[in-house]
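Observations on chain architecture
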Amino acid sequence: MTQDLDTLLTALYVKIDDTIRTPRWRGRPPLLTDSELVCLAVAQVLLGARSEAHWIRYARIHLAGMFPYLPQRPGYNKRLRAALPLIKRVIRDLARDSDFWFDNHWIVDSTPVPCGMSRPTVQRSDLAGWAGYGYCASHSRFFWGLRLYLVCTPTGMPILWALANPKIGEREVLAAMLQVEAGVVAEHDRILLISDKGFASKVFERELAEQGIELLRPSRKREKARYGEAMLKKVRQLIESVNDTLKGQLDLEEHGGRTFAGVAVRVAQRLLAMAAAIWHNNKTGAPVTRSLIAYDH
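Notes on the structure in this doc start here. Within any chain, residue numbers begin from 1 and follow the written order of that chain's sequence. pLDDT decides what is reported in this predicted model: residues at 70 or higher carry local features, side-chain atom pairs at 80 or more are listed and counted, and totals for whole chains, interfaces and linings draw on all residues regardless. Calculation of side-chain values draws on the structure's entire complement of heavy atoms; hydrogens and water are dropped beforehand.

Comments concerning empty space enclosed by the protein
Whether a set of points on the 1 Å grid over the protein atoms alone is a cavity depends on a 1.4 Å probe fitting there but being unable to get out, while an open set qualifies as a pocket with protein on both sides within 12 Å along at least five of seven lines; lining residues are those with an atom within 4 Å of a point. Grid points are joined across faces, edges and corners, and a volume is the space filled by probe spheres set on the points. Enumeration according to the criterion identifies one cavity of 30 Å³ or more in this entry. Estimates place the volume of the largest cavity at around 40 Å³. What lines the largest cavity is simply Gln44, Val45, Ala49, Arg50, Arg266, Gln269 and Arg270. At three residues, helix H11 (residues 260–284) tops the list of elements feeding residues into the lining of the largest cavity. Think of it as three bins: nonpolar holds Ala, Val, Leu, Ile, Met, Phe, Trp, Tyr, Cys and Pro, charged holds Asp, Glu, Lys and Arg, and polar takes everything else, Gly as well. Grouping the constituent residues of the lining of the largest cavity by class yields two nonpolar, two polar and three charged. Here a strand is any run of E in DSSP of at least two residues, a helix any run of H or I of at least four, and the numbering for each starts at the N terminus.

So, the environment of aspartate 296
Within the secondary structure, aspartate 296 is located in the segment after H11. Spatially, the C-alpha atoms of aspartate 296 and valine 45 are 8.7 Å apart, while their sequence positions differ by 251 residues. The contact rule is simple, with two residues in contact once any of their heavy atoms fall within 4.5 Å. Setting aside anything within four residues of it in sequence, one finds aspartate 296 in contact with Leu46 and Leu47.

As for the environment of leucine 238
Structurally, the position occupied by leucine 238 is in helix H10 (residues 232–249). Spatially, the C-alpha atom of leucine 238 lies 9.4 Å from that of threonine 153, the residues being 85 residues apart in sequence. With residues near it in sequence (within four places) discarded, leucine 238 still touches Ile107 and Pro154.

Considerations on the packing of helix H2 (residues 34–46) against H11
Think of each axis as a best-fit line through the C-alpha atoms, taken over the contacting stretch in the case of a helix, with angles from 0 to 180 degrees between the N-to-C directions. In contact at an axis separation of 9 Å, H2 and H11 are set at 85 degrees when each is read in the N-to-C sense. The angle between the axes of H2 and H11 places the two elements in the roughly perpendicular class. Two secondary-structure elements touch here, H2 through Val38, Ala41, Val42, Gln44, Val45 and Leu46 and H11 through Gln269, Arg270, Leu272 and Ala273. Oblique is the label for every angle not falling under 35 degrees (roughly parallel), over 145 degrees (roughly antiparallel), or within 65 to 115 degrees (roughly perpendicular).

Digging into the pairing of strand S6 (residues 213–216)
Bridge analysis of strand S5 (residues 191–194) against S6 gives four bridges, and the strand direction is parallel. Along S6, the bridge assignment pairs leucine 193 with leucine 215. A clockwise path from the first strand over the helix to the second, with the strands pointing away from the viewer, defines a right-handed crossover. With helix H9 (residues 202–210) bridging S5 and its parallel neighbour S6, the resulting β-α-β unit is right-handed. Pairing between two strands requires that DSSP report at least two bridges joining them.

Thoughts on the packing of helix H1 (residues 5–20) against H11
Two numbers describe a pair of packed helices, the interaxial angle and the distance between the axes. As a packed pair, H1 and H11 sit with axes 10 Å apart at the nearest point and diverge in direction by 95 degrees. Here H1 is positioned roughly perpendicular relative to H11, judged by the angle of their axes. Between H1 and H11, the residues in contact are Thr7, Leu8, Ala11, Leu12 and Lys15 and Ala276, Trp279 and His280, respectively. Residue classes in the contact of H1 with H11 are distributed as five nonpolar, two polar and one charged.

Right under this line is the structure:
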């Protein structure tokens, strides 16, 4: 297998088509199948098309050979939002089909997903009640939007992810994620979960230990140095590089979503594109598993 966008989309299409097996639709099937829809969504993100209208125009000219039928922008918009559960499933299936699923070293972090930049936008946005004001310590700035919580392997393969209001505590969100995905946690033995200081809590660590998870984090001020703390600097660079891939190459902060469903599916698109690239790089034996260079043109 070679490393280019056409090969990635072909392999992804076959993978999804084999996984779905039974169609989600009753009656006449759509002209654009679910497998084609997901591949089209991945290509949109990898090629950096933020506008759906611009993407459909581009795809009609340059991707007509791979996608014989392309809907109008409103139809693509509706199909994509309805496919959010399918996209989540595909992300999980790609992770399971890679060598990284068996890695019991997980990294957790949260990163801002801004959804508005002005007060009038905040007041009339359909995201009111979901989004909120938060503070990004990495960039020393406030933002209005959501936080993306990502649990991934050191290679960047997504294992768990969620969007939450920035005012909700990090430990509370992570605990809910682990509770909802208890089956995934049970599949792994002796998980080492690496985090930053924001997840520090003795009670929380005891709760994690009951689930077979050991928390590795930096020590806080006036706290005795913790075991394994010396290795955390290099590990922290890994999660920062994953966030940089999502924001710098996949335009996470430029998602353009105006409703919660819109934001959720656009974030899922970017996670799926990254997971698909990592999955394909793993299958082809690429030296850098999270590299997107072969697929962004």
